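Okay, here's what each chain looks like letter by letter:
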Amino acid sequence: MPFGGGNKCGVCQKAVYFAEEVQCDGKSFHKSCFLCMVCKKNLDSTTVAVHADEIFCKACYGKKYGPKGYGYGQGAGTLSMDKGESLGIKPEEAAPHHPTTNPNPSKFAQKFGGSDVCPRCSKAVYAAEKVVGAGNSWHKSCFRCAKCGKGLESTTLADKDGEIYCKGCYAKNFGPKGFGFGQGAGALAHAQ
């Protein structure tokens with residue numbers, strides 16, 4: 001023990017006295033220093049996760065060091081748009097999306113008929129992979145915004161001229177524009 005008090009805090013390196021001490025993984029911390037390294041939430045013995053000399057809440061630890069990829073949510077039905085930049089994770093750049101307007105259905109669909117044709121890739125769409133939106137049948141993998149490539153659902157899409165968009169891209173590209181739009185009552189200006 002250092003002179004004049006308790007052990008050194010694992011975060012601020014100052015003396016920790018008994019009344020303010022929290023111990024974790026053999027180290028001492030001030031109660032006020034016992035915070036997640038990322039989101040700064042207060043921690044306790046049930047919410048702390050330790051990695052090397054760093055302490056995290058379980059959610060931030062999972063984002064930074066847990067498994068990545070489809071199906072690793074934080075609970076049933078979880079959808080998170082967090083890409084982990086705050087944790088030092090560099091998101092992978094998605095390949096740019098190139099919408100197609102090929103009117104010819106696939107040779108298979110022409111030969112056997114009865115299948116819907118995906119307007120994005122012009123290939124046959126079968127029941128197991130079918131998503132219906134904007135009056136057409138799409139492959140699940142093709143049911144994406146024509147501008148940004150974001151995956152869509154029937155409740156999150158907007159369509160124009162046979163193509164589908166996320167609501168953000170639709171508003172950006174086809175919504176009202178001009179100075180003063182959205183600035184309060186009476187300030188609407190519609191410029192073409």
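So, here's what we can say about the structure. (Residues numbered from 1 in each chain as written. Predicted model: local features only at pLDDT ≥ 70, side-chain atom pairs only at ≥ 80, totals over all residues. Heavy atoms only, no water.)

1. Comments concerning the pattern of salt bridges
Here is step 1: Enumeration according to the criterion identifies three salt bridges in this entry.
Here is step 2: Here Lys 130 and Asp 116 are joined by a salt bridge, their closest N and O atoms 2.9 Å apart. With Lys 130 in strand β7 (residues 130–133) and Asp 116 in strand β5 (residues 116–117), this residue pair connects regions lying 14 residues apart in the sequence.
Here is step 3: Judged by relative accessible area, which is 31%, Asp 116 ranks as partly exposed.
Here is step 4: Measuring nitrogen to oxygen at the nearest pair gives 2.3 Å for the salt bridge that ties Glu 163 to Arg 120. Of this pair, Glu 163 sits in strand β10 (residues 163–166) while Arg 120 sits in the loop between β5 and β6 (124–125), and the two are 43 residues apart along the sequence. Residues Glu 163 and Arg 120 agree in their burial class; the two are buried. (Salt bridge = Lys/Arg side-chain N within 4 Å of Asp/Glu carboxyl O. Helix = DSSP H or I, 4+ residues; strand = E, 2+ residues; numbered from the N terminus. Buried < 20%, exposed > 50% of the residue type's maximum accessible area, 1.4 Å probe, protein only.)

2. Some remarks on unusual backbone geometry
Here is step 1: Despite not being glycine, Gln 13 has its phi angle at roughly 65°, a positive value.
Here is step 2: Tracing the chain through its elements places Gln 13 in the segment before β1 (21–24).
Here is step 3: Assessed through its relative accessible area of 46%, Gln 13 is described here as partly exposed.
Here is step 4: Within the chain, Lys 40 stands out as a residue other than glycine whose phi angle is a positive 65°.
Here is step 5: As for its placement among the helices and strands, Lys 40 is situated in the loop between β2 (27–30) and β3 (48–51).

3. Digging into the side chain of Ser 137
Here is step 1: Structurally, Ser 137 can be placed in strand β8 (residues 136–139).
Here is step 2: A relative accessible area of 10% places Ser 137 in the buried class.
Here is step 3: Looking at Ser 137, its side chain comes within polar contact range of the side chain of Asp 116, at 2.9 Å.
Here is step 4: Among residues more than four places away in sequence, those in contact with Ser 137 are Asp 116, Val 117, Cys 118, Pro 119, Val 125, Lys 130, Val 131 and Val 132. (Polar contact = N/O pair within 3.5 Å; in protein donor to acceptor, adjacent residues only side chain to side chain. Contact = heavy atoms within 4.5 Å.)

4. Quick look at the pairing of β7
A regular strand places its side chains so that they alternate between the two faces of the sheet.
Here is step 1: Relative to β8, β7 runs antiparallel, the two being bridged by four bridges. Across the sheet, residue Lys 130 finds its bridge partner in β8, namely His 139.
Here is step 2: Here β7 hands over to β8 after two residues, with Ala 134 in that stretch at a positive phi of 55°. (Pairing = 2+ DSSP bridges.)

5. As for the side chain of His 30
Here is step 1: Tracing the backbone through its elements, the reader meets His 30 in strand β2.
Here is step 2: Residue His 30 is classed as buried on the basis of its relative accessible area, which comes to 8%.

6. Structural notes on the environment of Leu 43
Here is step 1: Mapping Leu 43 onto the fold places it in the loop between β2 and β3.
Here is step 2: A residue is classified by how much of its surface remains accessible, and Leu 43, at 11% relative accessible area, is buried.
Here is step 3: For Leu 43 and Cys 57, which are 14 residues apart along the polypeptide, the C-alpha to C-alpha distance reads 6.6 Å.
Here is step 4: Leu 43 has contacts with Phe 34, Leu 35, Cys 36, Val 48, Ile 55, Phe 56 and Cys 57, leaving out every residue within four places of it along the chain.

7. Quick notes on the state of the cysteines
Here is step 1: Inspection of the entire model under this criterion finds zero disulfides.
Here is step 2: With no disulfide partner, Cys 118 has as its closest neighbouring cysteine sulfur the one in Cys 142, 3.8 Å distant.
Here is step 3: Taking relative accessible area as the criterion, Cys 118 reaches 0% and is therefore assigned buried.
Here is step 4: The thiol of Cys 121 is not disulfide-bonded; the next cysteine sulfur, from Cys 142, is found 3.9 Å away.
Here is step 5: Taking relative accessible area as the criterion, Cys 121 reaches 28% and is therefore assigned partly exposed. (Disulfide = S-S within 2.5 Å.)

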